[in-house]
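Structure assessment
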Amino acid sequence: MAEQVTVLFFAALREQIGQESLSVSIAPGGLSVRALRAQIEGANPAIAQALAEQPRLRVAVNQTLSTFEHMVKPGDEVAFFPPMTGG
Amino acid sequence: MAEQVTVLFFAALREQIGQESLSVSIAPGGLSVRALRAQIEGANPAIAQALAEQPRLRVAVNQTLSTFEHMVKPGDEVAFFPPMTGG
Amino acid sequence: MPVHVRVQAAPFDVGQQTERLSTLSPHTGGVGVFVGQVRGGQGLRAMTLEHYPGMTEASLQALAQEALVRFELTGCTVIHRIGRLEIGAGIVFVGAAAAHRGAALTATTFLIDRLKTGAPFWKREEYEDGRAIWVDARETDEEAARAWLTRTP
Amino acid sequence: MPVHVRVQAAPFDVGQQTERLSTLSPHTGGVGVFVGQVRGGQGLRAMTLEHYPGMTEASLQALAQEALVRFELTGCTVIHRIGRLEIGAGIVFVGAAAAHRGAALTATTFLIDRLKTGAPFWKREEYEDGRAIWVDARETDEEAARAWLTRTP
């Protein structure tokens, strides 16, 4: 279980994918958000399509806005979502 | 009575002069605020001094901010006061 | 009424006044509010607000109408208190409701900037040591009011 | 506490929240407030606010702390509602208290500009004809948030 990351989806993305979270096994050394995304997309064509349809996809790692180059480690929480629209 | 103007003083000016209003007789043809001021000052040295000590004296004629060139007519209300400090 | 102006000795109710602005129109998306209050410090005990009855109401009404048109507001409010006010007491409430936040907040700033030097109120401060001082108009306040003459909208 | 942050389904009380800001310090001279509410029109019936629990509270807390320091506030407040909200309902309350009006009003604008695109909320609109639409982030909102990166203070 220590080699899992939790992946979350929000808003239009969550709705389109039809699920709000996913547990993904990764290599112990970790990988970039970009590589994690590619790994998820390889396994889930529906997620690949939903992510591709988000031209301004945002990512947060452990609840902090991050870049796609950020390194993800086992145990991290990674969330993908469209641009935020609060207020 | 139709040849009177009412002159009002506010705030520091009112306090220094020791009175809040004055009835002044003017010529039926009227006169400028500047001339009215000179007329009042001629008759009241204490007012002359109080007005002289207000480097940024303001004037309103009939409750509208005016200039010292504005023509005052009998029946008008003329108010002198320091810069306003509301809010 | 989209414009609400009052000069009063009594306190104002911020909740009630904001509620009025919020419910004026279903097209309102934002309400901006500014409350000015008596700031303590330097031995200040209280201040007394003097005004020019009649001219005060007329100038605040004109200011509120100008804001309504200039910023395309759904409504705005100006309430100014007079008389003696202690530390922490509310002096002035200005508020603006608009479709979008930009207009609401800019109009709120416009109302308070212009009111400061454009309506016939004067403040007399009372200090704990017995001094009583008429507040001088600040040059920065007069500049803030003038700046609105050349700003758009 | 100078900073007050809440994410809640329940309505907020504008009067009570403004009172909190007004009474935090005797050195407060002004309180700025902005209330965002659901704007009607174009057949909109209601909207639902979704958020990212945990990250939302943390990002609002960081935003409020940044405003407190940047504008030398005596206090500030951010309350954001979640769940389904009908036309006219309050969505967000931001408020800032400071010694002077400039800081209070600028901080209020800063808080709402930055909150709009910087905290993990998403709006889903429901229309009378049955359509449900996720609101797109507006480029103007992202520009408004970015502008604060280069502004002083």
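Summary of the structure given here. Everything numeric here is computed off the predicted structure, so don't read it as measured data.

1. Quick word on the side chain of Arg-70 of chain D
All names here are of chain D. Summarising the element assignment, Arg-70 is placed in helix H2 (residues 55-70). For Arg-70, which is buried and forms no salt bridge, the nearest opposite charge comes from Glu-66, at a distance of 4.1 Å. At 2.8 Å, the side chain of Arg-70 and the backbone oxygen of Trp-148 are in polar contact. Not counting residues up to four positions away in its chain, the partners in contact with Arg-70 are Phe-110, Trp-148, Arg-151 and Pro-153.

2. A few points about the sheet that holds strand E2 (residues 30-37) of chain C
Strand order in the open sheet made by the eight strands is E1(C)-E4(C)-E6(C)-E2(C)-E2(D)-E6(D)-E4(D)-E1(D), with mixed pairing throughout. This sheet does not close on itself; its edge strands, each paired only once, are strand E1 (3-8) of chain C together with strand E1 (3-8) of chain D. Pairwise comparison of adjacent strand axes, ignoring direction, gives a mean angle of 5 degrees for this sheet. Inspection of the sheet shows E1 of chain D paired to strand E4 (residues 75-81) of chain D by six bridges, in the parallel sense. Across the sheet, residue Arg-6 of chain D finds its bridge partner in E4 of chain D, namely Ile-79 of chain D. On the sheet, helix H2 (residues 55-70) of chain C packs against E1 and strand E4 (75-81) of chain C and is oriented at approximately 155 degrees with respect to E1 of chain C.

3. Examining the pairing of strand E3 (residues 44-51) of chain D
Residue and element names in this part refer to chain D. The element E3 is largely enclosed, with a buried count of six among its eight residues. Sheet topology places E3 next to strand E7 (residues 121-127); seven bridges connect them, and they run antiparallel. Its bridge partner lying in E7, Leu-49 is registered against Lys-123. As paired strands, E3 and strand E5 (residues 83-86) are joined by four bridges and run antiparallel to one another. Bridge pairing in E5 links Thr-48 to Arg-84.

4. Considering the relation of the copies chain C and chain D
Overlay of chain C on chain D (RMSD 0.0 Å): rotation 180 degrees, translation along the axis 0.0 Å. Such a combination of rotation and displacement between the chain copies is what one expects of a two-fold axis. Residue Gly-15 of chain C, judged by its C-alpha, is the member of chain C lying nearest the rotation axis, at 1.8 Å. Interface residue correspondence from chain C to chain D reaches 100%, placing this contact among same-surface, isologous pairings.

5. Section: the packing of H2 of chain D against helix H3 (residues 101-118) of chain D
Residues and elements named next belong to chain D. Remark: H2 packs on H3, axes separated minimally by 10 Å, with the N-to-C direction vectors making an angle of 155 degrees. It follows from the interaxial angle that H2 and H3 lie roughly antiparallel. Our pair here, H2 against H3, has a crossing hand that is right-handed. Contacts between H2 and H3 involve Ser-59, Leu-60, Leu-63, Ala-64, Glu-66, Ala-67 and Arg-70 from the former and Phe-110, Leu-111, Arg-114, Leu-115 and Gly-118 from the latter. Class assignment for the residues of the contact of H2 with H3 results in seven nonpolar, two polar and three charged.

6. A word on the interface of chain C and chain D
With 34 residues of chain C at the contact, the number on the chain D side is 34 residues. Roughly 2600 Å² is buried in total at the junction of chain C and chain D, and carbon and sulfur atoms are behind 52% of that figure. Summed over the three residues of chain C that lose the most area to chain D, namely Gln-37, Arg-39 and Arg-101 of chain C, the buried surface amounts to 28% of that side. The partner of Arg-101 of chain D in a salt bridge is Asp-113 of chain C, and the shortest N-O contact between them spans 3.0 Å. For the side of chain C that touches chain D, the secondary-structure elements that each account for two or more residues are helix H1 (14-22), E2, helix H3 (101-118) and helix H4 (139-147) of chain C. Taken together, the residues of the side of chain C that touches chain D sort by class into 13 nonpolar, 15 polar and six charged.

Criteria and cut-off values
Residues numbered from 1 in each chain as written. Chains lettered and ligands numbered in written order. Predicted model: local features only at pLDDT ≥ 70, side-chain atom pairs only at ≥ 80, totals over all residues. Heavy atoms only, no water. Helix = DSSP H or I, 4+ residues; strand = E, 2+ residues; numbered from the N terminus. Buried < 20%, exposed > 50% of the residue type's maximum accessible area, 1.4 Å probe, protein only. Lys, Arg positive; Asp, Glu negative; His and termini not counted. Salt bridge = Lys/Arg side-chain N within 4 Å of Asp/Glu carboxyl O. Polar contact = N/O pair within 3.5 Å; in protein donor to acceptor, adjacent residues only side chain to side chain. Contact = heavy atoms within 4.5 Å. Pairing = 2+ DSSP bridges. Axes fitted to C-alpha atoms, helices over the stretch in contact; angles between N-to-C directions. Least-squares fit on C-alpha atoms with pLDDT ≥ 70 in both. Parallel < 35°, antiparallel > 145°, perpendicular 65-115°, else oblique. Left-handed = near helix turned anticlockwise from the far one by under 90°. Nonpolar A, V, L, I, M, F, W, Y, C, P; charged D, E, K, R; others polar. Buried area = accessible area lost by both parts, 1.4 Å probe.

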